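Structure at a glance
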Amino acid sequence: MREPSKNFETLLTKEAPPVVERMGLTWLIAAAIATALLWQVPGGDYILYPFTILATWFHEMGHGLMALLLGGQFQKLQIFSNGSGVATYGIRSSLGPIGLALIAAAGPMGPPLAGAVLILASRSFTAATLCLKILGGFLLFSTLIWVRSWFGLVAIPLLGLIILGIALKAPRWAQGFAIQFLGVQACVSTFHQLNYLFSSSAGSLGLSDTAQMQRYLLLPYWFWGGLMAIASLVILVQSLRVAYRSE
């Protein structure tokens, strides 16, 4: 058989899509564990404050966008300086218990699902850059359309501009660092709200998301809290596994 032409091999090499420079897997796992621990330590919230706000945005956008997908309305989004947030949405009167439960679950599952997308996008430099641009742009877009709290009107566009700046100006290694680190932070943020997941109350807002799921799907709120915590961990592990899988 004839050996492949060296020129052909060179052409394939040149046309292969560039791979983003990624953080070491061990470092990422260590960062995830350190972050989960910092959430539980007094003062840790201050260190991870920007990621708290971003995770809250993912959470509340999850509620609002799911309501939209199911034929309802996403009316407004409020994010406050203490890291809490509220999504106000309208639902169709004909929406059954499964649909209502999906809207409730979309909040806690919003950050890990968004984090998985960011981590998976790191396999390609083109995808990583595009994903950062989309995230930054959507933060700005959401400010114009839905954000209606004074703190949110400052914090959300600021985060969007920072992420857009990284996508447009940062070197390849910085983009690789940013997209995977943001992805891990989003996935791990589930464990920042463990108390909330295993609580039936959201304070003055009424029932927690898991208590709403209990109301619509009957099984106890702690079952849904545990299920979402496990699902978030599985999503993180599997997304990292795929992102670092050998080509």
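Residues numbered from 1 in each chain as written. Predicted model: local features only at pLDDT ≥ 70, side-chain atom pairs only at ≥ 80, totals over all residues. Heavy atoms only, no water.

**What about the overall build of the protein?**
The test is simple: The numbering of helices and of strands both runs from the N terminus, where a helix is a DSSP run of H or I of at least 4 residues and a strand a run of E of at least 2. Working definition: with a 1.4 Å probe on protein chains only, accessible area under 20% of the residue-type maximum means buried, over 50% means exposed, and in between means partly exposed. We call two residues in contact when some of their heavy atoms are within 4.5 Å. Only the protein chains shown count as cover for residues, and all accessible areas are computed by the Shrake-Rupley method using a 1.4 Å probe.
Along the backbone of the protein there are 11 helices and two strands. Secondary structure elements in the protein, listed N-terminal to C-terminal, are α-α-α-α-β-β-α-α-α-α-α-α-α. Across the 247 residues in the protein, those meeting the buried criterion constitute 46%. Residue pairs at least 24 apart in sequence account for 70% of intrachain contacts in the protein once pairs closer than 6 positions are excluded. Within the structure as shown, the protein displays about 13,200 Å² of accessible surface, and the carbon and sulfur contribution to it stands at 68%.

**What about unusual backbone geometry?**
Notably, Leu-218 is not glycine yet its phi reads approximately 80°, a positive angle. On the secondary structure map, Leu-218 appears in the loop between α10 (209-217) and α11 (221-243).

**Considering the packing of helix α5 (residues 97-121) against α10**
Angle between the axes and distance between the axes are the two parameters that describe a pair of packed helices. Quick note on the threshold: What counts as an axis is a line fitted to C-alpha atoms, over the stretch in contact for a helix, and the angles between N-to-C directions run from 0 to 180 degrees. In these notes the angle categories are as follows: under 35 degrees is roughly parallel, over 145 is roughly antiparallel, 65 to 115 is roughly perpendicular, and the rest is oblique. Note on convention: the crossing is left-handed when the near helix lies turned anticlockwise from the far helix by less than a right angle, right-handed when the turn is clockwise. Under the scheme applied, nonpolar residues are Ala, Val, Leu, Ile, Met, Phe, Trp, Tyr, Cys and Pro; charged residues are Asp, Glu, Lys and Arg; polar residues are all the others, including Gly.
At their nearest, the axes of α5 and α10 sit 9 Å apart, and the two run at 165° to each other. On the basis of the axis angle, α5 is roughly antiparallel to α10. Here α5 runs over α10; the crossing is left-handed. Residues Pro-97, Ile-98, Leu-100, Ala-101, Ala-104, Ala-105 and Pro-108 of α5 pack against Asp-209, Gln-212, Met-213, Tyr-216 and Leu-217 of α10. Along the lines of polarity and charge, the residues of the contact of α5 with α10 split into 10 nonpolar, one polar and one charged.

**Observations concerning the pairing of strand β1 (residues 73-79)**
Heads up, the condition is: In this scheme, strands are said to pair when DSSP sees at least two bridges between them.
Inspection of the sheet shows β1 paired to strand β2 (residues 85-90) by six bridges, in the antiparallel sense. Among the inter-strand pairings, Leu-77 is bridged to a residue of β2, identified as Ala-87. The turn joining β1 and β2, which pair antiparallel and follow one another in sequence, is formed by five residues; a positive phi near 90° is taken by Gly-83.

**Brief notes about a nonpolar patch on the surface**
The line we're drawing: Residues enter patches when they are more than 30% accessible in relative terms and free of salt bridges; like-charged ones are connected within 9 Å and nonpolar ones (Val, Leu, Ile, Met, Phe, Trp, Tyr) within 5 Å. Any Lys or Arg side-chain nitrogen found within 4 Å of a carboxyl oxygen on Asp or Glu counts as a salt bridge.
On the surface, Phe-198, Leu-219, Trp-222, Phe-223 and Leu-227 cluster together into a nonpolar patch covering about 480 Å² of accessible area. With respect to the secondary-structure elements, Trp-222 resides in helix α11.

**Observations regarding the nonpolar core**
Short version of the rule: In these notes, a set of buried Ala, Val, Leu, Ile, Met, Phe, Trp, Tyr and Cys residues joined through side-chain atoms within 4.5 Å is what counts as a nonpolar core.
The biggest cluster of nonpolar side chains holds 27 residues, and the ones touching the most others in it are Trp-57, Leu-77, Leu-135 and Leu-139. Looking at this core, the elements with two or more residues in it are α4 (49-69), β1, α5, α6 (125-145), α7 (150-169) and α8 (172-188). Sequence-distant contacts of Leu-135, that is, excluding residues within four places in its chain, are made with Trp-57, Phe-58, Leu-118, Ile-163 and Leu-182. If you look at the next biggest cluster of nonpolar residues, it comprises 11 residues, including Trp-39, Val-188, Leu-240 and Ala-243.

**Focus on the UniProt feature "transmembrane region" (unreviewed entry) in the protein**
Test applied: UniProt positions are given in the numbering used here, feature names are shortened, and annotations may be inferred rather than shown by experiment.
Under the local residue numbering, the UniProt record ascribes the feature "transmembrane region" (unreviewed entry) to residues 20-39, 98-120, 127-147, 153-170, 177-198 and 218-237. Spanning residues 153-170, this segment combines 94% helix with 0% strand, and its end C-alpha atoms are found 25 Å apart. Strand forms 0% of residues 177-198 and helix 73%; the C-alpha atoms that close the span are 32 Å apart.

**A word on the environment of Ser-200**
Mapping Ser-200 onto the fold places it in the loop between α9 (194-197) and α10. Sequence separation between Ser-200 and Gly-225 is 25 residues, and the spatial gap between their C-alpha atoms is 9.9 Å. Residues contacting Ser-200, with those up to four places away along its chain left out, are Gly-206, Leu-207, Ser-208, Ala-211 and Tyr-221.

**Digging into the environment of Phe-198**
Relative to the assigned elements, Phe-198 resides in the loop between α9 and α10. Relative accessible area serves as the criterion here: at 38%, Phe-198 is assigned to the partly exposed category. Considering only alpha carbons, one finds Phe-198 and Trp-222, 24 residues apart in sequence, at a separation of 5.1 Å.

**Some points on the packing of aromatic side chains**
For the record, the criterion: In summary, the pairing rule links any two rings of Phe, Tyr or Trp, Trp by its six-membered ring, whose centres are within 6.5 Å, and it sorts them by plane angle into stacked for under 30 degrees, edge-to-face for over 60 and tilted for everything else.
For the structure on display, the rule yields 10 aromatic pairs. Summarising the aromatic geometry, the rings of Trp-57 and Phe-138 are spaced 6.0 Å apart at their centres and angled 70° between planes, so their arrangement reads as edge-to-face. Placement of Trp-57 in helix α4 and of Phe-138 in helix α6 is noted, with a sequence separation of 81 residues between them. Under the relative-accessibility criterion, Phe-138 is labelled partly exposed at 28%.

**Digging into the packing of α5 against α11**
Between α5 and α11, whose axes approach to 9 Å, the crossing angle comes to 10°. In terms of orientation, α5 and α11 fall into the roughly parallel class. Listed contacts from α11 to Ala-105, Pro-108, Met-109, Pro-112, Leu-113, Ala-116, Ile-119 and Leu-120 of α5 are Met-228, Ala-231, Ser-232, Ile-235, Leu-236, Ser-239, Leu-240, Val-242 and Ala-243. Classifying every residue of the contact of α5 with α11 gives 15 nonpolar, two polar and no charged.

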